[in-house]
Amino acid sequence: MAAKTGTYTLIASTTLNANTQTVTFSSIPQTYTDLVLISSVKSTGNYSSTYTINNDSGTNYSYTYMNGNGTTATSGRMTSTVLGIIDNWAQATSQTMFDPCITQFMDYANTTTYKTILCSSGSANLGVERGVNLWRNTSAINTITLSNAAGNFVSGSTFRLFGIEAGNL
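Residues numbered from 1 in each chain as written. Predicted model: local features only at pLDDT ≥ 70, side-chain atom pairs only at ≥ 80, totals over all residues. Heavy atoms only, no water.

Peer 1: Could you clarify how one ought to interpret unusual backbone geometry in this entry?
Peer 2: Both trends apply: most residues other than glycine have a negative phi, and most peptide bonds are in trans. At Ser27, a position not held by glycine, the phi torsion is positive, near 50 degrees. Following the sequence through the fold, Ser27 ends up in the loop between β2 (22-25) and β3 (34-41). A positive phi is found at Ser80, a non-glycine position, where the angle reads about 50 degrees. Mapped onto the elements of the fold, Ser80 is located in strand β6 (residues 73-81). (Helix = DSSP H or I, 4+ residues; strand = E, 2+ residues; numbered from the N terminus.)

This is how it looks when you write it as structure tokens:
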């Protein structure tokens, strides 16, 4: 018998038909090992795509990132913040393209460890960014609220949340 490999199961999907500042995924089932959020967003203003977990607005988030555009590379770290960061680019309001981002919520249903969140994003205009977040809480993740830090997500932006099933050896 062949080993089963992990598979993606679509939990929820949203395509915006109007500009909005937040998108929420709630009642997330606890039946997967990890979550993957695939988004493609454009903004009405300079932005960072941010998130909160389980409506936690305490200083329980940290973020470390590195980015580059082929010419310049930068990195940084933010600690004890009130939200997590998925995409830290400061977009120009003239941005005409939707920027893709993949966010992985590792071991999200575990109730004994803090949660690690990995983010990869890119922009044809700006370059690429890779970040790692830590949510310092042992609760299982059941709600994720995405926000735009300085404007709205534009109509046509897409958000798809997948559950990853554990592979059996």
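Peer 1: I tried to follow the packing of aromatic side chains on my own but got confused; where do I start?
Peer 2: Centre distance and the angle of the planes are the two values used to describe a pair of aromatic rings. This structure, assessed with the given rule, holds five aromatic pairs. Ring geometry for Tyr51 and Phe105: centres 6.0 Å apart, planes at 80 degrees, overall edge-to-face. Linking Tyr51 in strand β4 (residues 49-53) with Phe105 in strand β8 (residues 99-106), this pair joins segments that are 54 residues apart in sequence. Taken as a pair, Tyr51 and Phe105 share a single burial class, namely buried. Summarising the aromatic geometry, the rings of Phe153 and Phe159 are spaced 5.2 Å apart at their centres and angled 70 degrees between planes, so their arrangement reads as edge-to-face. On the basis of relative accessible area, Phe153 is assigned to the buried category, the value being 1%. Judged by relative accessible area, Phe159 falls into the buried class, the value being 2%. Pairwise contacts between aromatic rings join Tyr51, Tyr61 and Phe105 into one cluster. (Phe/Tyr/Trp six-rings, centres within 6.5 Å; stacked < 30°, edge-to-face > 60°. Buried < 20%, exposed > 50% of the residue type's maximum accessible area, 1.4 Å probe, protein only.)

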